[in-house]
Amino acid sequence: MPIINISVTGKPDAKLSAGIAKEITGLTATHLRKDPTITAVAVSYIDPQHWFAGGKSLAEHGANTFWLDIKVVDGTNTKLELEAYLKAIFDAFGRLLGGVHEESYAFVHEVPAAAYGYGGKSQEFRFISGRLKAA
């Protein structure tokens, strides 16, 4: 159920976007135990001349970069799972983009279950409904 927003340097490329979405959805399922059938991924592209790290554009650095922003329900993952996920993400973008600048970022937002959901229902509602059905 996570929503994953990804920005990468470069020109829009449908094939690369599909590869990014597939890889990141898989890593999110593996490391964070999120259902890939309800994982949403949006990929945006930014010209490397307009992305800066350390005061220089990525074009000047001759490198690529990414920013991954994912929202998950608070308390559903351990620190070790998050650590493994962040490493896997950086490694994956190294393979997908090549020449990834160290100042590339992934941010996992852990949000309250009552404040996060899809289809008009919060994750808190889904949890409670599931528990009541199981009883």
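Now for a look at the structure at hand. These numbers come from a predicted model, not from an experiment. (Residues numbered from 1 in each chain as written. Predicted model: local features only at pLDDT ≥ 70, side-chain atom pairs only at ≥ 80, totals over all residues. Heavy atoms only, no water.)

### A few points about the overall build of the chain
Link 1 in the chain: When helices and strands are tallied, the chain shows four helices and eight strands.
Link 2 in the chain: Along the chain, helices (α) and strands (β) appear in the sequence β-α-β-β-β-α-β-α-β-β-β-α when read from the amino end.
Link 3 in the chain: Taking the principal axes of the C-alpha coordinates as reference, the chain spans close to 60 × 30 × 25 Å.
Link 4 in the chain: Expressed as a percentage of its 135 residues, the buried residues of the chain come to 36%.
Link 5 in the chain: At a minimum sequence separation of 6, the contacts of the chain that also span at least 24 residues come to 77%.
Link 6 in the chain: Distance from the positive charge centre (14 side chains) to the negative charge centre (14 side chains) of the chain: 8 Å. (Helix = DSSP H or I, 4+ residues; strand = E, 2+ residues; numbered from the N terminus. Buried < 20%, exposed > 50% of the residue type's maximum accessible area, 1.4 Å probe, protein only. Contact = heavy atoms within 4.5 Å. Lys, Arg positive; Asp, Glu negative; His and termini not counted. Charge placed at Lys NZ, Arg CZ, Asp CG, Glu CD.)

### Concerning the pattern of salt bridges
Link 1 in the chain: In this structure the tally under the stated criterion is four salt bridges.
Link 2 in the chain: When the shortest N-O distance is used, the salt bridge between D69 and K71 registers 3.4 Å.
Link 3 in the chain: Look at K71 and you get partly exposed, because its relative accessible area is 21%.
Link 4 in the chain: Its salt-bridge partner being D91, residue K87 comes within 2.8 Å of it at the nearest N-O pair. (Salt bridge = Lys/Arg side-chain N within 4 Å of Asp/Glu carboxyl O.)

### As for the side chain of S57
Link 1 in the chain: When you line up the elements, S57 lands in strand β4 (residues 56–57).
Link 2 in the chain: Discounting chain neighbours no more than four positions away, the residues touching S57 are P48, Q49, W51 and F52.

### Quick word on the sheet that holds strand β2 (residues 40–46)
Link 1 in the chain: Spatially, four strands are ordered β2-β1-β5-β6 in an open sheet, and the strand pairing comes out mixed. Each having just a single partner strand, β2 and β6 (105–111) make up the two edges of the open sheet. Each neighbouring strand pair of the sheet contributes to a mean axis angle of 15°, computed without reference to strand direction.
Link 2 in the chain: Bridge analysis of strand β5 (residues 66–73) against β6 gives seven bridges, and the strand direction is parallel. For L68, the partnering residue across the bridge sits in β6 and is A106.
Link 3 in the chain: Strands in contact with helix α3 (residues 79–97) are β1 (3–9), β5 and β6; relative to β5, the strand with the most contacts, it is inclined by about 145°. (Pairing = 2+ DSSP bridges. Axes fitted to C-alpha atoms, helices over the stretch in contact; angles between N-to-C directions.)

### Digging into the packing of aromatic side chains
Link 1 in the chain: Across all of its chains, the model carries four aromatic pairs by this definition.
Link 2 in the chain: Plain terms: the ring middles of F66 and F90 are 6.1 Å apart, the flat faces sit at 55° to each other, and that makes the pair tilted. With F66 in strand β5 and F90 in helix α3, this residue pair connects regions lying 24 residues apart in the sequence.
Link 3 in the chain: Pairwise contacts between aromatic rings join F66, F90 and F93 into one cluster.
Link 4 in the chain: Taking the ring centre of Y118 as reference, the NZ or CZ of R126 above it sits at 3.8 Å. (Phe/Tyr/Trp six-rings, centres within 6.5 Å; stacked < 30°, edge-to-face > 60°. Lys NZ or Arg CZ within 6 Å of the ring centre and 35° of its normal.)

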